Amino acid sequence: MKDVLNFIDGRYVSGTSGKTFANRSPVTGDVISLVHEAGKAEVDAAVRAARAALDGPWGSMPLPERAALLHRVADEINRRFDDFLDAEVADTGKPVSLASHIDIPRGAANFKIFADMIKNVPTEAFEMTDPSDGGRVLNYGVRVPKGVIAVVSPWNLPLLLMTWKVGPALACGNTVVVKPSEETPTTAALLGEVMNACGVPPGVYNVVHGFGPDSAGEFLTRHPGVDGITFTGETSTGTAIMKAAADGVRAVSFEMGGKNAGIVFADADFDKAVAGIARAAFVNCGQVCLGTERVYVERPIFDKFVAALKAKAEALKIGAPSDPDTGLGPLISHTHRDKVLSYYRKAVEEGATVVTGGGVPDMPEALAGGAWIQPTIWTGLSDDAAVVREEIFGPCCHIRPFDTEEEAIRLANDTDYGLATTVWTQNLSRAHRVAGKIDVGIAWVNSWFLRDLRTAFGGAKQSGIGREGGVHSLEFYTELRNVCVKL
Ligand code: NAD
Ligand code: 6OD
């Protein structure tokens, strides 16, 4: 049995408590590794190692050298592409075709983009006159690292979302302690080998494994040696972490849940809209925070759209990650499937028409232990149905007709969340108008999950606090110090 260890101060260590937990394959249900849980002692050691590296070799490394090192990290991820791919697919069960195009390449890109960006950040300067003597005064800004950053990450895009935080944090000169999801610990651990191979000083990148409450997640976010906490996950978890961060008034950057709306106007390119919404609803088995669980379709094309999306859902091949034809892998775990299935039942109780799916598919013997689920489409629910209001995080969506642009905007905004939206229309003015009125962090027009890493990323309302991406990441990962010089 493979062991997944904590990575602290450049070395792989188990927890002093000797506690381990099983990491199960979502595809078969078999145990694929034993993960060594970090206790308070390991979290403390990781934070201390991170502080020592910050005060030592990392803090004094010239910026060009630091940036070059992060480029090497990206190159090494690419060199070990298959190791990362195998680990990610084993932990998540997602199709190889997906992980090889999105998860692993982004893992490398997240280091490159921020290594390049940090070399080109201008500083501000203001000249003024000293009112007491008319002398000249120069103010200029210096960006300094925030310190030791706790990175708490989820299971749906494990390497991608973890490095999306680690890349900018390290580029800005911080050190990190990562708490990956208990469901997907392996690629975070593997990244330790990459750091060592590239010569990143010990203590710059640390990983502690475990759960949230009363485990590594809580120990880390409550640790007084942590200067900032960057988190991706559920809004309820963010609420708990925010309370932990209040002690010591630590900064937080949160990317959280969504209940994202897709709006399809009758003038949209129909085939592209259907394909786009199908991807937004079903890719990664619906486990994408940016995914579309509420679809609003202009009435004249409603029936045709429902039929076309149904055909897309039913054409998805559910199967093993290694099969290149697989379009839908399993959910991450049986626990998560229980939650998604509870919404499938609730939809029926709430009066939905089940257009397709609604249950568990029959799978061949070898895959019978996996957390498989059918892609599901509903119509006919009221706007206050739980299934329409709460994030499900599965391969499902509810489709509802609308009659006017104003109604579509009102419906899309009728949610506590504000992460993303996708608008489908060929009317240019309408596209801009609608995108500008949906209260979200990211509005896609005639597209979905197209990412330019220089742009701001984050959520409005209960979907997040702050923005990351490009120079926006600097706002969280650095402190801006003003130096005021009397000339
Ligand atoms: P989660 O909130 O359950 O867990 C995320 C991480 O937080 C895990 O590492 C977990 O161990 C840790 N954690 C849990 N409780 C904690 C606590 N009290 N203190 C410290 N750490 C704690 O989320 P998940 O189930 O792993 O991921 C799915 C959720 O993440 C969905 O809600 C999804 O929308 C959201 N998500 C958001 C984005 C985004 O960019 N906005 C991206 C991906 C996922
Ligand atoms: O692309 C990204 O940078 C990002 N944070 C994606 C989030 C996806 C959520 O599941």
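Nothing here was measured: the structure is a model prediction, and the numbers come from that model. (Residues numbered from 1 in each chain as written. Chains lettered and ligands numbered in written order. Predicted model: local features only at pLDDT ≥ 70, side-chain atom pairs only at ≥ 80, totals over all residues. Heavy atoms only, no water.)

**Some remarks on unusual backbone geometry**
For residues other than glycine, phi is negative in most cases, and the peptide bonds are mostly trans.
Next up, step 1: Notably, D9 is not glycine yet its phi reads approximately 55°, a positive angle.
Next up, step 2: If you trace the backbone, D9 turns up in the loop between β2 (6–8) and β3 (11–13).
Next up, step 3: Phi angles above zero are rare outside glycine, and K461 is one such case at about 50°.
Next up, step 4: Along the chain, K461 falls in strand β21 (residues 460–461). (Helix = DSSP H or I, 4+ residues; strand = E, 2+ residues; numbered from the N terminus.)

**Thoughts on the nonpolar core**
Within soluble globular proteins, side chains that are nonpolar generally end up buried alongside one another.
Next up, step 1: Membership of the largest hydrophobic core comes to 68 residues, with the highest contact counts inside it found for F111, L191, Y205 and L290.
Next up, step 2: Looking at which domains feed residues into this core, each of domain 1 (2–256 + 463–486) and domain 2 (260–452) gives three or more.
Next up, step 3: Not counting residues within four places of it along the chain, the set of residues in contact with Y205 comprises F7, M162, V166, V176, V178, A188, L191, G192 and M195.
Next up, step 4: Counting residues in hydrophobic clusters, the runner-up holds 53 residues, among them A278, Y343, I373 and I409. (Core = buried A, V, L, I, M, F, W, Y, C linked by side-chain atoms within 4.5 Å. Buried < 20%, exposed > 50% of the residue type's maximum accessible area, 1.4 Å probe, protein only. Domains from an automatic or database assignment. Contact = heavy atoms within 4.5 Å.)

**What about the site of ligand 2?**
Next up, step 1: Around ligand 2 sit R106, N156, L157, L161, W164, E255, V288, C289, L290, F449, R451 and F457, and those are all the residues in its vicinity.
Next up, step 2: R106 has a polar side-chain atom sitting 2.8 Å from an oxygen atom of ligand 2.
Next up, step 3: With the chains in place, 99% of the 310 Å² that ligand 2 exposes on its own is no longer accessible.
Next up, step 4: When the residues that make up the shell around ligand 2 are grouped by side-chain class, the tally is eight nonpolar, one polar and three charged. (Near = heavy atom within 4 Å. Polar contact = N/O pair within 3.5 Å; in protein donor to acceptor, adjacent residues only side chain to side chain. Areas by Shrake-Rupley, 256 points an atom, 1.4 Å probe, with all protein chains shown as cover. Nonpolar A, V, L, I, M, F, W, Y, C, P; charged D, E, K, R; others polar.)

**A look at the packing of aromatic side chains**
Next up, step 1: Applying the stated rule across the entire model yields 13 aromatic pairs.
Next up, step 2: Seen from their ring centres, F7 and Y205 are 6.1 Å apart, and the 45° between their planes marks the pair as tilted. With F7 in strand β2 and Y205 in strand β10 (residues 205–207), this residue pair connects regions lying 198 residues apart in the sequence. Like F7, the residue Y205 is buried in the burial classification.
Next up, step 3: Judged by centre distance (5.0 Å) and plane angle (80°), the ring pair of F476 and Y477 falls under edge-to-face. Per residue, the accessibility class of F476 equals that of Y477, and both read buried.
Next up, step 4: Through successive ring pairs, a cluster of aromatic residues spans F7, Y12 and Y205.
Next up, step 5: In this structure, K146 is placed above the aromatic ring of F476, and the distance from its NZ or CZ to the ring centre is 4.6 Å.
Next up, step 6: Note that K304 overlies the ring of F270, its terminal NZ or CZ placed 4.2 Å from the centroid. (Phe/Tyr/Trp six-rings, centres within 6.5 Å; stacked < 30°, edge-to-face > 60°. Lys NZ or Arg CZ within 6 Å of the ring centre and 35° of its normal.)

**Focus on the site of ligand 1**
Next up, step 1: Every one of the 31 residues lining ligand 1 counts as a neighbour, but K179, E182, T237, M256 and E391 are closest to it.
Next up, step 2: Measuring from an oxygen atom of ligand 1, one finds a backbone N or O atom of S153 at 2.8 Å.
Next up, step 3: At 2.7 Å, a side-chain N or O of K179 approaches an oxygen atom of ligand 1.
Next up, step 4: Mapping ligand 1 onto the cavity grids shows that it belongs to the largest pocket.
Next up, step 5: Residue composition of the shell around ligand 1, grouped by class: 15 nonpolar, 10 polar and six charged. (1 Å grid on protein atoms, 1.4 Å probe; cavity = no way out; pocket = protein on both sides within 12 Å on 5 of 7 lines; lining within 4 Å. Sits in = over half its atoms within 2 Å of the grid points.)

**Concerning the pattern of salt bridges**
Next up, step 1: Under the definition given, this model contains 29 salt bridges.
Next up, step 2: For K112, the salt bridge goes to D75, with nearest N and O atoms at 2.9 Å. Of this pair, K112 sits in helix α4 (residues 96–118) while D75 sits in helix α2 (residues 63–79), and the two are 37 residues apart along the sequence.
Next up, step 3: When the shortest N-O distance is used, the salt bridge between R136 and E127 registers 2.8 Å.
Next up, step 4: Classification of E127 as exposed rests on a relative accessible area of 51%.
Next up, step 5: Here the residues in one salt-bridge network are D267, E405, R430 and R433, joined through shared partners. (Salt bridge = Lys/Arg side-chain N within 4 Å of Asp/Glu carboxyl O.)

**Side note on the domain arrangement of the protein**
Next up, step 1: Looking at the assigned domains, one finds that the protein contains domain 1 (2–256 + 463–486) and domain 2 (260–452).
Next up, step 2: Taking only C-alpha atoms, the centre of domain 1 and the centre of domain 2 are 31 Å apart.
Next up, step 3: With 25 residues of domain 1 at the interface, the matching set in domain 2 holds 29 residues.
Next up, step 4: The junction of domain 1 with domain 2 conceals about 2100 Å² of combined surface from both sides, 60% of it contributed by carbon and sulfur atoms. (Buried area = accessible area lost by both parts, 1.4 Å probe.)

**Let's talk about empty space enclosed by the protein**
Next up, step 1: Evaluation of the coordinates by the stated rule reveals six cavities of 30 Å³ or more.
Next up, step 2: In this structure, the largest cavity spans a volume of roughly 120 Å³.
Next up, step 3: L161, E255, C289, L290 and F457 are the residues nearest the centre of the largest cavity, which is lined by 15 residues in total.
Next up, step 4: With three residues, helix α5 (residues 158–171) is the single largest residue contributor to the lining of the largest cavity.
Next up, step 5: The residue makeup of the lining of the largest cavity includes at least three contributed by each of domain 1 (2–256 + 463–486) and domain 2 (260–452).
Next up, step 6: The calculated volume of the second largest cavity comes to roughly 70 Å³.
Next up, step 7: Residue lining of the second largest cavity: T92, K94, P95, W155, N156, N284, C285, Q287, G329, P330 and I332, and that is the complete set.
Next up, step 8: Grouping the constituent residues of the lining of the second largest cavity by class yields five nonpolar, five polar and one charged. (Points joined across faces, edges and corners; volume = space filled by probe spheres on them.)

**Quick notes on a negative patch on the surface**
Next up, step 1: Taken together, the side chains of E349, E350, D384 and E390 make up a negatively charged region of the molecular surface.
Next up, step 2: Locating E350 in the fold gives a position in the loop between α11 (334–349) and β15 (353–356).
Next up, step 3: Judged by relative accessible area, E350 falls into the partly exposed class, the value being 31%. (Patch = residues over 30% accessible without salt bridge, like charges linked within 9 Å, V, L, I, M, F, W, Y side chains within 5 Å. Lys, Arg positive; Asp, Glu negative; His and termini not counted. Charge placed at Lys NZ, Arg CZ, Asp CG, Glu CD.)

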